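Summary of the model geometry
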Amino acid sequence: MAHYREHERTSIVEALNPARQMKVMGRLVRRRAKKPGSAPGTLVSSGPQKVERVRVRFLDYDEKQLNDNEEASIDECLKLKKLPTVSWINIDGLHEVELIGRVGERFEWHPLVQEDIASPGQRAKIEEYEGHTFVTLPMLTWNVERKEVIEEQLSLVVGENYVFSFQERYGDVFNGVRERIRAGRTRIRSRGSDYLAYALIDAVVDHYFTVIEEIGEFTEVLDERVLADSSQDTMQVLHALKRELITLRRAMWPVREMLNSILRSETHLFDDSTKVFMRDVQDHTVQALDTIESLRDVVSGMVDLYLSMVSFRANEIMKVLTIMASIFIPLTFFAGIYGMNFEFMPELAVRWAYPALLLFMVVIGSGMVAFFRRKGWL
Amino acid sequence: MAHYREHERTSIVEALNPARQMKVMGRLVRRRAKKPGSAPGTLVSSGPQKVERVRVRFLDYDEKQLNDNEEASIDECLKLKKLPTVSWINIDGLHEVELIGRVGERFEWHPLVQEDIASPGQRAKIEEYEGHTFVTLPMLTWNVERKEVIEEQLSLVVGENYVFSFQERYGDVFNGVRERIRAGRTRIRSRGSDYLAYALIDAVVDHYFTVIEEIGEFTEVLDERVLADSSQDTMQVLHALKRELITLRRAMWPVREMLNSILRSETHLFDDSTKVFMRDVQDHTVQALDTIESLRDVVSGMVDLYLSMVSFRANEIMKVLTIMASIFIPLTFFAGIYGMNFEFMPELAVRWAYPALLLFMVVIGSGMVAFFRRKGWL
Amino acid sequence: MAHYREHERTSIVEALNPARQMKVMGRLVRRRAKKPGSAPGTLVSSGPQKVERVRVRFLDYDEKQLNDNEEASIDECLKLKKLPTVSWINIDGLHEVELIGRVGERFEWHPLVQEDIASPGQRAKIEEYEGHTFVTLPMLTWNVERKEVIEEQLSLVVGENYVFSFQERYGDVFNGVRERIRAGRTRIRSRGSDYLAYALIDAVVDHYFTVIEEIGEFTEVLDERVLADSSQDTMQVLHALKRELITLRRAMWPVREMLNSILRSETHLFDDSTKVFMRDVQDHTVQALDTIESLRDVVSGMVDLYLSMVSFRANEIMKVLTIMASIFIPLTFFAGIYGMNFEFMPELAVRWAYPALLLFMVVIGSGMVAFFRRKGWL
Amino acid sequence: MAHYREHERTSIVEALNPARQMKVMGRLVRRRAKKPGSAPGTLVSSGPQKVERVRVRFLDYDEKQLNDNEEASIDECLKLKKLPTVSWINIDGLHEVELIGRVGERFEWHPLVQEDIASPGQRAKIEEYEGHTFVTLPMLTWNVERKEVIEEQLSLVVGENYVFSFQERYGDVFNGVRERIRAGRTRIRSRGSDYLAYALIDAVVDHYFTVIEEIGEFTEVLDERVLADSSQDTMQVLHALKRELITLRRAMWPVREMLNSILRSETHLFDDSTKVFMRDVQDHTVQALDTIESLRDVVSGMVDLYLSMVSFRANEIMKVLTIMASIFIPLTFFAGIYGMNFEFMPELAVRWAYPALLLFMVVIGSGMVAFFRRKGWL
Amino acid sequence: MAHYREHERTSIVEALNPARQMKVMGRLVRRRAKKPGSAPGTLVSSGPQKVERVRVRFLDYDEKQLNDNEEASIDECLKLKKLPTVSWINIDGLHEVELIGRVGERFEWHPLVQEDIASPGQRAKIEEYEGHTFVTLPMLTWNVERKEVIEEQLSLVVGENYVFSFQERYGDVFNGVRERIRAGRTRIRSRGSDYLAYALIDAVVDHYFTVIEEIGEFTEVLDERVLADSSQDTMQVLHALKRELITLRRAMWPVREMLNSILRSETHLFDDSTKVFMRDVQDHTVQALDTIESLRDVVSGMVDLYLSMVSFRANEIMKVLTIMASIFIPLTFFAGIYGMNFEFMPELAVRWAYPALLLFMVVIGSGMVAFFRRKGWL
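Residues numbered from 1 in each chain as written. Chains lettered and ligands numbered in written order. Predicted model: local features only at pLDDT ≥ 70, side-chain atom pairs only at ≥ 80, totals over all residues.

1. Considerations on unusual backbone geometry
To keep things clear, this is the line we draw: Every helix listed is a DSSP run of H or I at least four residues long, and every strand listed is a run of E at least two residues long, numbered separately from the N terminus.
Of note, the phi angle at K147(A) is positive, near 55°, even though the residue is not glycine. By secondary structure assignment, the location of K147(A) is in the loop between β5 (132-143) and β6 (148-159). The phi dihedral of E108(B) falls on the positive side, at around 60°, and the residue is not glycine. Residue placement: E108(B) occurs in the loop between α4 (97-106) and α5 (111-118).

2. Quick look at the interface of chain D and chain C
Inclusion rule: Our contact criterion uses C-beta atoms placed from the backbone: two residues qualify when those atoms are within 7 Å.
Contact with chain D, which involves 64 residues of that partner, is made by 52 residues of chain C. Top contributing element to the side of chain D that touches chain C by residue count: helix α9 (residues 272-337) of chain D, with 34 residues.

3. Re the sheet that holds strand β4 (residues 125-129) of chain E
All names here are of chain E. Inclusion rule: Two strands are said to pair when DSSP picks up at least two bridges between them. Here an angle of 0 to 180 degrees is reported between the N-to-C directions of two axes, which are lines fitted to C-alpha atoms, with helices fitted over the stretch in contact.
Spatially, the seven strands line up as an open sheet ordered β2-β1-β3-β7-β6-β5-β4, and their pairing is mixed. For this open sheet the edge positions go to β2 (66-69) and β4, each flanked by a neighbour on one side alone. Averaged over all pairs of adjacent strands, the angle between their axes in this sheet comes to 15°, without regard to strand direction. Where strand β6 (residues 148-159) meets strand β7 (residues 162-167), four bridges bridge the pair, whose relative direction is antiparallel. The partner of V158 across the bridge, within β7, is V163.

4. So, the packing of helix α8 (residues 232-263) of chain C against α9(D)
Put simply, the test is: Any angle that falls under 35 degrees is termed roughly parallel, while one over 145 is termed roughly antiparallel, one within 65 to 115 roughly perpendicular, and all others oblique. Residues are grouped as follows: nonpolar covers Ala, Val, Leu, Ile, Met, Phe, Trp, Tyr, Cys and Pro; charged covers Asp, Glu, Lys and Arg; every other residue, Gly included, is treated as polar.
One can describe the packing of α8(C) onto α9(D) by two numbers: an axis separation of 10 Å at closest approach and a directional angle of 170°. It follows that α8(C) is roughly antiparallel to α9(D) by the angle criterion. Residue-level inspection shows Q232(C), M235(C), Q236(C), H239(C), K242(C), R243(C), I246(C) and R250(C) of α8(C) in contact with α9(D), the latter providing D290(D), S294(D), D297(D), V298(D), G301(D), L305(D), S308(D), M309(D) and F312(D). Of the residues assigned to the contact of α8(C) with α9(D), the class counts are six nonpolar, six polar and five charged.

5. Topic: the relation of the copies chain D and chain C
Test applied: The atoms used to superpose the copies are C-alpha atoms, taken from residues with pLDDT of at least 70 in both, and the fit is least squares.
Mapping chain D onto chain C calls for a rotation angle of 72° and an axial translation of 0.0 Å; the resulting RMSD is 0.1 Å. Here the transformation between the copies is reduced to the relation of a five-fold axis. In terms of C-alpha distance to the rotation axis, chain D has G339(D) as its closest residue, with the C-alpha 4.5 Å off the axis. Different-surface contact between copies: only 14% of interface residues of chain D are shared with the interface of chain C.

6. Section: the packing of helix α7 (residues 193-228) of chain D against α9(D)
Residue and element names in this part refer to chain D. Let me state the cut-off plainly: Rotating anticlockwise by less than a right angle from the far helix to the near helix defines a left-handed crossing, while the corresponding clockwise rotation defines a right-handed one.
Contact pair α7 / α9: the axes reach a minimum separation of 10 Å and the direction vectors enclose 15°. Relative to α9, α7 is oriented roughly parallel. Handedness of the crossing formed by α7 with α9: left-handed. Among the residues forming the contact of α7 with α9, the class breakdown is 21 nonpolar, six polar and four charged.

7. Points about the sheet that holds strand β2 (residues 66-69) of chain C
Hydrogen bonds along the backbone pair up the strands of a sheet, which may run parallel or antiparallel. Residue and element names in this part refer to chain C. Taken in spatial order, the seven strands make up an open sheet running β2-β1-β3-β7-β6-β5-β4, and their pairing is mixed. Edge positions in the sheet fall to β2 and β4 (125-129), since each of these pairs with one other strand and no more. Adjacent strand axes in the sheet meet at a mean angle of 15°, parallel and antiparallel pairs treated alike. Looking at chain direction, strand β1 (residues 55-61) and strand β3 (residues 86-92) are connected through seven bridges and run antiparallel. Note that in β3 the partner of Y61 across the bridge is V86.

8. Looking at the environment of T291(D)
Relative to the helices and strands, T291(D) is located in helix α9. As a C-alpha pair, T291(D) and I212(D) span 79 residues in sequence and 7.9 Å in three-dimensional space.

9. Looking at the pairing of strand β6 (residues 148-159) of chain B
Residues and elements named next belong to chain B. Here strand β5 (residues 132-143) runs beside β6; their pairing, made up of 12 bridges, is antiparallel. Looking at the pairing, L137 lines up with L154 of β6. In textbook terms, the turn of a hairpin is the stretch between consecutive antiparallel strands, and for β5 and β6 this stretch comprises four residues, one of which, K147, has a positive phi near 55°. The loop that links β6 with its antiparallel partner strand β7 (residues 162-167) comprises two residues.

10. A short note on the confidence of the model for chain A
All names here are of chain A. To keep it simple, the criterion reads: Each residue gets a pLDDT score, which is the predictor's confidence in that residue and runs from 0 to 100.
The pLDDT averaged across chain A works out to 85; a share of 89% of its residues lies at or above 70. A low-confidence stretch, residues 1-26 stays under pLDDT 50, and its non-local contacts, those more than four residues away or across chains, total 23 contacts. Of the two predicted TM-score estimates for the complex, the pTM is 0.84 and the ipTM is 0.80.

11. With respect to the environment of A39(C)
What counts here: A residue is called partly exposed when the number of other C-beta atoms within 10 Å of its own lies between 12 and 20, exposed at 12 or fewer, and buried at 20 or more, with C-beta atoms placed from the backbone.
Tracing the backbone through its elements, the reader meets A39(C) in the loop between α2 (18-28) and β1. Look at A39(C) and you get partly exposed, because 19 C-beta atoms sit within 10 Å. Between the alpha carbons of A39(C) and Q65(C) there is a distance of 43 Å; along the sequence they are 26 residues apart. Residues contacting A39(C), with those up to four places away along its chain left out, are R180(D), T186(D) and R187(D).

And the structure:
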């Protein structure tokens, strides 16, 4: 923790160079590749290619057997359709749209499903089609270096005996699920594709908490800093943090709606015993959103606190100026009087005039100091 | 992008002269031509005439044949009523109200439909009448020069075998749809007028994203600028941007409601297979509105950041004043003391008094500097 | 328009004297005459008498005949009850409560109806009683001189074959409706009292747009002024404008609810073909409220802009002070040094000391100027 | 009114001494006497005793007879149970809990009813039990001296042929109702206990308007004052007014919910003809809440206006400082130059040098004045 | 109270050292122990161990008999399952997850119930499973030393004839309930496990008021302080108080939802006579949330008041500076004039010039004082 914080101090400012700002904003408005007016279901690769090559993996299992292939070809996957076992095919990389097209054709997916898979930046949603259900939700991670939320679209197509998962990049939050499948004799091995879909959604939502915890810790560091340091950087970092929370909220709010529509039985994907588990996922999503709202309120409070500190310091500065000027400007005036060159200034010849004036000045000065002390400015 | 931004820098201020301000506001409250108390269905031409002459075009098609007329007369269109093929009649320009009246009479439209077509500035809505459905929604474009959203009303009247589209100006977002119709053997050729209506609505909504993307990029440029430049212009541009987002939200929110009422089956225009596509359009609208909300939050944050920078700079200025005044006013006072002309000032005759006083002044000055350094003001 | 604006400039401030302020607030909380604890249906005259004498007019018509009486007595109106024709009786002035009582008794209205008619300041509402329906909604006008919204209550009692309309003052927005009735052979002549009620409500709601347009134009003028003039008056006018928008919103929001309850068929006054028209009125109300919300957002933005300009100008003032003081205070100090009267100040006798000091002062002064220029303050 | 306002000016500040602040806050969080974990229905006396002794009054009536007892004993009331006439028993003072217990036992009230009566500070609510309905709502009055809302709980228990009303203090808003009962031949005499309950609720809600009108007048006085006087007291009074509006809203909001649930027929207390009257009460409540919301918005606007005036005056002060300092500091410097004692300052001997310098100073000074005038600071 | 406040003054600041800040924030985002992707129902001990050893107590009772065991073993508890009497088993300490596992297995609880018990930091919720209902809600206490809300999770598992309660720490708010059970012949002894569950929930919710009362008193102290002391500490304490209210609201809001779902009969745990009591608990929760909202509004008002006082004092400071500088800088200039050493300054030789200049200075100075007095700055 101590180390973490040291690191914080040095990197907060440099992390906020213009290049990064643009990056952040880029995430608020994600470019869509589809041309307005083009046909629905048009498959175009959206956004920059994020992985070198598309990687295909599958896990095909039932209670007794397991077929685990970490480097599969797409043709092997197409064959899984006929098997009665549950197949989880995971595809990393969305830039080869014709691959998505081939899978979609073979498994008879609706054209809109294929378009949505190929166009990352969708809102979380669940949509039921004949023979398959399409689920999309964002996977979120917190880039601790750049202090930003990374958003990646996960698309699931769930059929009778298969789950396809499409990701934009390698690396995910599903290792726990894979281990449970490989472990054998676990609940997941004895249940159908809907339970697998639940397990994947649950893993994604559970990871949201990791992100929120990390943002929470970062907020703690900042909260401490607001009191210690009122430099302009702090305000910039608060602004950036606010924006991350906006992003997070925008990404997670639709997940809540999606889960609500599952629980209201608007889709038939999940059977009742799985729905009990979905209710749990729903609870977690609501809790995560509550926490984000609370964090937003707290960060707003921090902005207020920061601004009040800036005002407060402005007052401090002005007090020093006022005290110095109010004491010495009148005294200088009195010195100026006796610096005049009039021929007839009788005081000038009086022997005790000089020490008397000095005494007078000390009295005036002390009077001002007493006045300021009474005002509470000293 | 680099070029884009260069352009930005020079034109932001001049784009904000008073004439333009008035323009922007003019869009918030659009003048209605109808006199209060006049009969519903009264046809009056609203607002200024926006095109030189009304242009009529139509595409009449079914799976096998296509009749494409880019410069049709209104009489040719009236004849299309009897044909079983799907006809899409597009009319650019609303100032010839008697033309709308003739079409309305021939196709037996409700008087309110005719009034609504002739009165741009309607909220997006869908209304079902006997034998025809009226849909209106705004087409939005972003004027990159003036940094403002241009709003144009699109009215659709959808019948059994025809779609009428009325626009205020030439130029639209339907070229993709036209190409798909002309291409032949596309989905659109084999389906009815409801699918055509969907395709047009989809093209309009898809174009919203283009507008939001451009505003997003402009926001990026501004966000960078807030940190670099705290001139008053920045605040004005933020104010104008906020207003564009208000306009955008006001225009798009009713589109969402309209699509909701379609999906809730409150109208019978769309059959179930088309509704699947409408659900997709609805998703896009919700996503666009989410993004606008996020942008509004971000712009609010930018205003806060800007104001904090203004305060911060005020403090910087005051610090300089305080430091200079606090060091030199007391020193001037001491110089003033020994500039007095009293006859009996024994120090004046002391040989080392002058260098001693200078030393004393250096000590006082250094003390002040040290004090300010400890305060963190230097 | 130019004239309008000139006028604006001179009258904004005087329009905001305290007397007027009180007036404005008076409208927010309208005094109710009914004593707490008195019986429901108690008829007391509320508020000041607004017209010299009560004026009664009626239009009695069916498709073929028309009886138009601009100065009727109340007894003539009571006779209309038995006629099968549609009668529209309009009464301007509410201070003769016994007149309302007589009509109410004759037409068998519920006591609460009579009380509500006599107590202006009601929320818009529709209430169905046996044999008659009571509708009340505010008529709004914009007093261009005083820049304030004038609110007047319109009460409609709609029976099988009559509509009573009660107004607080002479002058209304119904001239269009009267012309349509007198014109003959118009839709209104061939339909019942429900259509007449619709026509009156439509005229009132259409007039809301006139009010909003005028406020919109006033907002334009102000928006321009905020940039040009940061005097305190501007803030007062923004405050007053905000208050007018609050008044407007408070008055119009219940109209929306009232129309919603009509469309949800909670009352049986309107038949289906009239409801189609009511849907149109509802659309207009929603659009008017949208516009008011947008105007409120814009005015809030203008307050922010105004406040940022005040801060900005404060900084400008402080910059001037800081620059002048920072340059001349140190220089005065150096001049003070050589104004001292020490006997042993060897520099005083040096021939080039005076020009050297002047040069030194020029260097110091130029250095400060360069420093401020680098800071961007000059 | 004039008198009222004079009074205002002198008492606003003293009314806001700390002792009063505490009082106000004390109303936001009202102490509850019930110990957590104690049984429901536990009767403990809450809060300080507010009246010297419990006073019991009743009015027992039907269309023909009336039994009016202003100083009854509790035993007399218990006998009323058996009479077929409608009895209204009013009890002022809640500190004798065993009295409430006796009544509750005799009339077979649910233990929670008895607990709620004895614990003032309840939210307004209606709850139906077997054979009796419990209604509680706050009676509000405006203490014009202390500028604060006084809240008192009114509890009604309505049975077949009786209404019990419990108040915390003597003095209420029911004199109008009493007069109507005593008057004879009024609607209230011919109807049952539900109508009596309606009449009491109506009197309470009508009195809300009196409170709101008085707060509205106070707001008018303040609004005028904000423009005239930017002393810190104004802000404190605005803060206190805001708090009163928060209190008012918190107290009245549940009344609206309670009346809604009556209208939605969730309770069976009121028959249909009485419900028509309840709808009227509901309208009044909604209108009162609308007005409170508007007042809150207006007071928020006043705070903004006040703060902008504070900023504005700060600028005025700074302008004076800047102008004085910018004119005289440079001039003092030039005077300082020629006050130096260098031996070789050729200008000193030039005859026209002194008038020339004076002229130069006048030019510099006038230049600064012109500069400030051009800036609009003079 | 006086003592309380004295204490307040000295400890507010030290209570806000960074270590504490972190603590506070730590509560906003509570760490979850469950690894994303792990199976639902996984039992892991979350967070730090809060008690030295797990303590098990039970009360087994029916109307006639009572078995009270303050230091039971888990095996004794497992045997209670078969008894027809109502058993309340209370377990303090959650770190021995295998213990929870054993109980869960014996009483056939759903795996998610066991996971939720072991993972404190859940939102309040009620979930019905076959044969048992799971309820969780936060117990709140106010740490008067640290001025912070302490949150502890209470989990209830309610079966046919048992209630299990799991707490994180020793010490709770249930002593009243225990006393009622031990007292015999109380309502609680004659009723089933659902009434016991109600009694526990009621005790928890009643305790919320104690917390709110204490926060209310702290708010009173602060409100007084804001007027007396505008040091930066006050703002920090307001910020901390705001955060406590955010925490409180976040914790209590789901309790309201939970009680709503009970009243809407979404669970079958409570029979109708118990539901009457639950309605009462619901009322209390709503009232508590209302109060929190009001407190948040008041604290927001206090922040505004504080900031206006800071501005106000800044103005006071600037006024002093401006008055001193504006009076003495011009006077010093005039003194400087006659301090110049020009040879030809005829005034210097005039006898009355010196007193005339002094008089002139007095006039100028008095003029400035009069000017400032007229401005209201003196």
